[in-house]
Amino acid sequence: MSNEASTGSSELFGGNMKVRELVQEAFIKRFGQPPELLVRAPGRVNLIGEHTDYNDGFVLPIAIDRAVWIALRPRGDRRVLISSLEMETPGDFSLDDLQKGGRDWYEYLKGVAWALSGAGYDLQGWEGVMSSDVPVGAGLSSSAAIEMATARAFAQVAGFDWDPVRMAQAGRKAENSWMGVSSGIMDQMASAACQAGHALFLDCRSMYYENIPLPNDVAVIVLDTATRRGNVDSGYNERFEQCQTAAHHFGVKALRDVSPQELLEKGQSLDEVVYRRARHIVTENQRVLESIDAMRAGNLVRLGLLLDASHISMRDDFEITNEALNTMVSVARRLPGCYGARMTGGGFGGCAMALVDAGKVENFAATVPHEYQSEIGLTPSVYVCHPSQGAEVMVQ
Ligand code: GLA
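A. Inspection of the sheet that holds strand S14 (residues 392-395) at higher detail. Pairing in this open sheet of 6 strands is mixed, and the strands run S6-S5-S7-S4-S2-S14 from one edge to the other. A strand with exactly one partner marks an edge of an open sheet, and here the two such strands are strand S6 (91-94) and S14. The average undirected angle you get between the axes of adjacent strands in this sheet is 25°. Bridge count for strand S5 (residues 79-84) against S6 is 4 bridges, and the pairing is antiparallel. The residue of S6 that forms the bridge with Arg79 is Ser94. Helix H2 (residues 107-118) contacts S5, S6 and strand S7 (126-132) of the sheet and is inclined by roughly 20° relative to S6.

If you want it as structure tokens, here you go:
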């Protein structure tokens, strides 16, 4: 995948049309005819609710207008041929011979095929060309976008309904069991179920979800620190285990079941670090619910304060921020028009996000790179994010 975030540009989102045209053209070049279908699935930025998904809690992501696109046509057999504009060698695999443990760039596609087959879907082969403008490793879920674009392709070709929850579950299974990467369900659900102009409220236990309109006159700005998570998996897995330890201590299935009151009453005998991890999850779940109220009331000041509190909790209690993320957030926070800012995604590098008054966006986007660079010496990227539609299919 290309890593556009590292170019240090400041740009408005809107690259999708370009990617769409590129995969269409490449398809014609490779297969001699226009594609029959186009699918797209977006990356995501999380407004609030970090590391709560695998604690059966609440999240509030937005689909960004950067996506994976696949131009394709069905095949009469059970083979999948896939090229990527970002990879040199094309992929080719049979749905009858899916073996784990490979290291091909198209493992995500194989993993999704495997997970969908395991969930009882009767798949059919297809051939296509894929490309993406979701920055990789930036915490914007480029892999969930690949998974959901792949699922969308299989659904359309085999003629089964797009059930966002089941598709997201298959994507997560591919990520966890095929790729061996621990994650919750948030990224796949954002990519599968978001609506343009909305954030997706998701209860990760019941899988109840609802699209909540973003208030008017405000923009979500993605701020790429130009740092990448190093050893993220160990950090992520460690947080996962600490949350499990805490849940066990409280005698519950997941930290979702612990109230702020119980945290205070029964948390004192916990190891100090584990207590802080639990406190982040318990308070973050509250913040998600309060954020929804603030959004519904159009109370941007309140929403911004909740984002700020979330960042502080991730910095001090969950300890998943780095110096670049903290610097970015403080730079954003002191600029005019910024209601609130926080790191977003798994942490340890990648992106922050800010909620900015629509009238101040231009000035904000122009000032952040300069201020950030002069403080930390790294060149960031700034994206004005237009909340987009989740995975979709276009018949040509
Ligand atoms: C990564 C994971 C998600 C979620 C976030 C943190 O993006 O893939 O499932 O846990 O981190 O909120």
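Once you've had a look at it, read on.
B. Region of the structure containing the site of the ligand. Looking at the ligand, the residues that line it are Arg44, Glu50, His51, Asp53, Tyr54, Ser183, Gly184, Met186, Asp187, Tyr236, Gly345 and Gly346. A distance of 2.5 Å separates an oxygen atom of the ligand from a polar atom in the side chain of Asp53. At 2.5 Å, a side-chain N or O of Tyr236 approaches an oxygen atom of the ligand. In the complex, 91% of the free accessible area of the ligand, which totals 310 Å², lies under the protein chains. Split by residue class, the shell around the ligand holds 3 nonpolar, 5 polar and 4 charged.

C. View of the environment of Ile221. Inspection of the secondary structure puts Ile221 in strand S10 (residues 218-224). Take Ile221: its relative accessible area is 0%, and that puts it in the buried class. Placed 162 residues apart in sequence, Ile221 and Tyr383 show a C-alpha to C-alpha distance of 5.7 Å. Those residues in contact with Ile221, other than ones at most four positions away along the chain, are Ala352, Met353, Ala354, Val356, Val361, Phe364, Val382, Tyr383 and Val384.

Rules used in this analysis
- Residues numbered from 1 in each chain as written.
- Predicted model: local features only at pLDDT ≥ 70, side-chain atom pairs only at ≥ 80, totals over all residues.
- Heavy atoms only, no water.
- Pairing = 2+ DSSP bridges.
- Helix = DSSP H or I, 4+ residues; strand = E, 2+ residues; numbered from the N terminus.
- Axes fitted to C-alpha atoms, helices over the stretch in contact; angles between N-to-C directions.
- Contact = heavy atoms within 4.5 Å.
- Near = heavy atom within 4 Å.
- Polar contact = N/O pair within 3.5 Å; in protein donor to acceptor, adjacent residues only side chain to side chain.
- Areas by Shrake-Rupley, 256 points an atom, 1.4 Å probe, with all protein chains shown as cover.
- Nonpolar A, V, L, I, M, F, W, Y, C, P; charged D, E, K, R; others polar.
- Buried < 20%, exposed > 50% of the residue type's maximum accessible area, 1.4 Å probe, protein only.

Taken by themselves, the reported measurements are silent on function.
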